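So you can see what is in the structure, the chains are spelled out below.
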Amino acid sequence: MVPVDGDVHALADARTRFLTSTPLDRSLVRADIHASWLRSRRAQVAADRIEMAYVRDPDLDTPLTRSAEPVLRELVEQLGGHALSVVLTNASGLVLTRMTPDTTLEHHLDRVLLAPGFSYAEEVVGTNGIGTALEGGGPTWVSGHEHYAENLEDLACAGVPIRHPVTGRTVGVVDLTCWRRDASPLLLTLAKTTAARVRQSLLDEAGAREVELVHAYLRACRHRGAMVLALNDDVVMMNETARAALVEGDQKAVVALAREHEQGSSRPARFTLPSGTVVRLTVDPVTADGWVAGAVAHVQVLATGTPESDVLAVTGTPRMVLPGLVGTGAMWVRACDEVAATARSREWVVLQGERGCGKESLARGAHRRVAPERRWSVVDGADAGLDGWRARTLETLSDADGTVVVKHLELLDGPTLGMILAGLQDLGRRGDAWVVATSRADVAHDDRMQAAGVGALFPRTIQVPPLRHHVDDVRHIVPFLLMRHGHGGRLGCSTAAMDVLMRASWPGNVAQLSAALRDAARHRRAGEIEVRDLPPEVGTVSRHLLTPLECLERDAIVQALADVNGNRTAAASALGMSRATMYRRLREYGLD
């Protein structure tokens, strides 16, 4: 719905009331917009300005950009110079292409950074047609004061996610943006039609790419004794030699490693697989008509052995305890090991922990380690108030057959929780899906959840530690996050800034650390992040940086507590220290 003039002022007042935490009339704000405002507030998005890091030279050589370009250009030609901008983003909200025939609108979009190289993810700029479409997973209309950032109040936008025709994964967004005064509901219809045409173009290109990938795979398999696999976003092929030489867990690990290095250098790299087997992996890109069609990986066994631990040891790179996760802290590694074990056994599990500590990331890492070839589905309880959420959730649960994550279990009311549990019971009867629920609340001692039957479906709960309980891992996490944010190789962290980051208590955990690094990157896009670049709340901590000896003592305490299920008296006895000393150390190390 496009607000009429009489609604505009009321909506502006409702937005102001929301931002100042003043009671507002919810009937003035659509449910999906209000839910987006709440998410924007939780992400600490600035409402009075737009600031974001610039990603230089984003990858424009992708199936999405190649398929979308002629479709979008034809649309612009049909518009005939109207004040309308056609925008294409990737799956994270990074703007790849913008076509704007009207120069006045183009200059305005430049001022609000709706331009190639800038991200319009909801966590960066708040409620908008691009980021909110990605969060909601469906067509989204945002107009005027519905935007979270006041700089966007003169605009209206219609965003529609583009889903890959084979995998069903979201690969980008088509967004049509115009002046608010020119807004029309037909804009959303036009955006849906355009997204459908891009999807068809993707399907046409996928066929040609996969033919070339199969040919490259067959050529590689002609070498006697070669272990070969080929893959792209949609296909995984592995020859019989590799299947015979590698146990099932190692096969899955090789597929995960090949995916991680698919876009990288073809230089051979050495890896230790879960069984202890050491291999050399070479990943070569495959092109079709000058475009990347996928990759062919060659595997050579260097040595066999027994598994030392359930990790992938990657020579020359930060240690990943699970794909996409770094760190060596005892509590963190233990949680990763336990989650990976439940993924292998297909045991349904609740991951309990504070906001931003990495519960969903843990589930994703275990999925990528154990079953990367299977479908990944997410149901987010925080979105339960959105239009169409119930229908989408029931559809997800009815189609799921791989890994299903139910986020924010503690936010679901009684009827909604009952609906989810009933859907999960049906899912459990149909197949061997692995289901992970995440919660901030202690599910085992929550009477409401236990009465609803959560304990019966999820017999096990794994505690995910807050970042302050493995704060030494900050030195590993920071460069990893900078790389994930698109700054790898261009931006690092000075010793002084790293000391400050390691002293912080991080109540918002890894999510807060990630937001702090994004904020710092807005001030310094290359070189080293200095203390003055960090947000003020990071620099106000007082806990001293632990010495190596203190780190060893803290880890020993953590391990002792884990071994006796948290019994502090028994842990103190095992470590040969008094109870008073144990309690003092728990306070000093932030473990209480």
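Residues numbered from 1 in each chain as written. Predicted model: local features only at pLDDT ≥ 70, side-chain atom pairs only at ≥ 80, totals over all residues. Heavy atoms only, no water.

Q: Help me out: how do you make sense of the overall build of the chain in this one?
A: Looking only at helices and strands, the chain has 21 helices and 20 strands in total. When the 592 residues of the chain are sorted by exposure, 51% land in the buried category. Here the contacts in the chain between residues at least 6 apart in sequence split such that 65% fall between residues at least 24 apart. (Helix = DSSP H or I, 4+ residues; strand = E, 2+ residues; numbered from the N terminus. Buried < 20%, exposed > 50% of the residue type's maximum accessible area, 1.4 Å probe, protein only. Contact = heavy atoms within 4.5 Å.)

Q: I keep staring at the sheet that holds strand E16 (residues 403-407) and nothing clicks. Help me out?
A: Pairing between the strands of a sheet comes from backbone hydrogen bonds, and it takes one of two forms, parallel or antiparallel. Taken together, the 5 strands give an open sheet; going across it, the order is E15-E16-E17-E14-E18, and neighbouring strands pair in parallel fashion. Looking along the sheet, the strands with just one partner apiece sit at the ends: strand E15 (376-380) and strand E18 (460-463). In this sheet, adjacent strand axes meet at a mean angle of 20° when their direction is disregarded. Here E16 pairs with strand E17 (residues 434-439) via 4 bridges, running parallel. Counterpart to valine 405 in the pairing with E17 is valine 436. Taken strand by strand, helix H12 (residues 389-399) contacts E15 and E16, and its axis lies near 150° from that of E15. Set on the sheet, helix H13 (residues 414-430) makes contact with E15, E16 and E17; between it and E16 the angle comes to about 170°. (Pairing = 2+ DSSP bridges. Axes fitted to C-alpha atoms, helices over the stretch in contact; angles between N-to-C directions.)

Q: In this structure, what is going on with the packing of aromatic side chains? I would like to understand it.
A: Aromatic rings in a pair are described by how distant their centres are and how their planes are angled relative to each other. Taken as a whole and assessed by the stated rule, the structure comprises 3 aromatic pairs. With a centroid separation of 5.1 Å and an interplanar angle of 45°, the aromatic rings of tyrosine 54 and phenylalanine 118 are classed as tilted. Here phenylalanine 118 lies in the loop between helix H4 (103-111) and helix H5 (122-125) and tyrosine 54 lies in the loop between helix H2 (31-42) and helix H3 (63-79), a separation of 64 residues in the sequence. For tyrosine 54, a relative accessible area of 27% gives the class partly exposed. Ring geometry for tryptophan 348 versus phenylalanine 458: centroids 5.9 Å apart, planes at 40°, classification tilted. Taken together, the residues span a long stretch of sequence, with tryptophan 348 in the loop between helix H10 (330-345) and strand E14 (349-352) and phenylalanine 458 in the loop between helix H15 (454-457) and E18 at a distance of 110 residues. (Phe/Tyr/Trp six-rings, centres within 6.5 Å; stacked < 30°, edge-to-face > 60°.)

Q: Any chance you could explain the nonpolar core here in plain terms?
A: Inside soluble globular proteins, nonpolar side chains tend to come together where they are buried. Judged by nonpolar contacts, the single largest core of 29 residues is most densely connected at Ile162 and Leu176. Looking at this core, the elements that each hand over two or more residues are H3, strand E1 (84-90), strand E2 (95-99), strand E4 (155-163), strand E5 (170-179) and helix H7 (186-221). Every residue in contact with leucine 176, bar those within four places of it in the chain, is listed here: Leu75, Leu84, Ser85, Val86, Ala156, Cys157, Ala158, Leu187, Leu190 and Ala191. Membership of the second largest hydrophobic core comes to 28 residues, among which are Val471, Ile477, Ala516 and Ile529. (Core = buried A, V, L, I, M, F, W, Y, C linked by side-chain atoms within 4.5 Å.)

Q: Would you take a moment to explain the layout of surface pockets for this structure?
A: Unoccupied space between atoms shows up once a probe the size of one water molecule is rolled over them. Considered as a void within the structure, the second largest pocket measures approximately 800 Å³ in volume. For the second largest pocket, the lining is made up of 25 residues, of which Met331, Gln463, His469, Ala562 and Gly566 are closest to its centre. Mapped by element, the contributors of at least two residues to the lining of the second largest pocket are H10, E18 and helix H19 (548-563). A per-class count over the lining of the second largest pocket returns 12 nonpolar, 8 polar and 5 charged. (1 Å grid on protein atoms, 1.4 Å probe; cavity = no way out; pocket = protein on both sides within 12 Å on 5 of 7 lines; lining within 4 Å. Points joined across faces, edges and corners; volume = space filled by probe spheres on them. Nonpolar A, V, L, I, M, F, W, Y, C, P; charged D, E, K, R; others polar.)

Q: I tried to follow the packing of H10 against helix H11 (residues 359-370) on my own but got confused; where do I start?
A: Describing two packed helices takes the angle between their axes plus the distance from one axis to the other. Their axes nearest at 9 Å, the elements H10 and H11 cross at an angle of 50°. The orientation of H10 with respect to H11, classified from their angle, is oblique. Relative to H11, H10 is oriented so that their crossing is right-handed. Each of Trp332, Ala335, Cys336, Val339, Ala340, Ala343 and Arg344 in H10 lies in contact with H11, whose residues at this interface are Leu362, Ala366 and Val370. Across the contact of H10 with H11, the residue classes tally to 9 nonpolar, no polar and 1 charged. (Parallel < 35°, antiparallel > 145°, perpendicular 65-115°, else oblique. Left-handed = near helix turned anticlockwise from the far one by under 90°.)

Q: Hey, could you run me through the sheet that holds E4 in this one?
A: With antiparallel pairing, 5 strands are arranged side by side in an open sheet as E2-E1-E5-E4-E3. In the strand order of this sheet, the two ends are held by E2 and strand E3 (140-143), each with one partner. On average, adjacent strands in this sheet sit at an angle of 20° to one another, irrespective of strand direction. Bridge analysis of E1 against E5 gives 7 bridges, and the strand direction is antiparallel. Bridge pairing in E5 links serine 85 to threonine 177. Seen against the sheet, H3 touches E1, E2, E4 and E5 and runs at an angle of roughly 175° to E1. Against the sheet, H4 touches E1, E2, E4 and E5, its axis set at about 125° to E5.

Q: How should I be thinking about the pairing of strand E6 (residues 227-231) in this particular structure?
A: Residues in a regular strand project their side chains so that they alternate between the two faces of the sheet. Burial analysis of E6 places 5 of its 5 residues in the buried class, the great majority of the element. Side chains Met227, Leu229 and Leu231 of E6 all project onto a buried face; the interleaved residues Val228 and Ala230 project onto the opposite face, where all are buried too. Here 3 bridges tie E6 to strand E7 (residues 236-238), and the two strands are oriented antiparallel to one another. Looking at E7, one finds that leucine 229 is bridged to methionine 238.

Q: Is there a simple way to think about helix H20 (residues 568-575) in this case?
A: An α-helical segment advances 3.6 residues per turn. Residues three or four places apart therefore align on the same side. Where H20 begins, one side-chain oxygen reaches toward the backbone nitrogen of threonine 569, 3.1 Å away; that side chain belongs to asparagine 567. Looking at the residues trailing H20, positive phi occurs at glycine 576, about 75°. (Polar contact = N/O pair within 3.5 Å; in protein donor to acceptor, adjacent residues only side chain to side chain.)

Q: What's the story with the pairing of E5 in this structure? I'm lost.
A: Extensive coverage of E5 is indicated by the burial of 8 of its 10 residues. In this sheet, E5 lies alongside E4 in antiparallel orientation, the contact comprising 9 bridges. If you follow proline 161 over to E5, its bridge partner there is valine 173.

Q: I'm lost on empty space enclosed by the protein in this one. Help?
A: Overall, the coordinates contain 1 cavity of 30 Å³ or more when judged by the stated rule. Its volume calculated, the largest cavity comes out at about 70 Å³. If you trace the largest cavity, you find it lined by Leu114, Tyr120, Asn128, Gly129, Ile130, His147, Leu152, Leu155, Cys157, Asp175 and Thr177. Of all the secondary-structure elements, those providing two or more residues to the lining of the largest cavity are E4 and E5. The class makeup of the residues in the lining of the largest cavity is 6 nonpolar, 4 polar and 1 charged.

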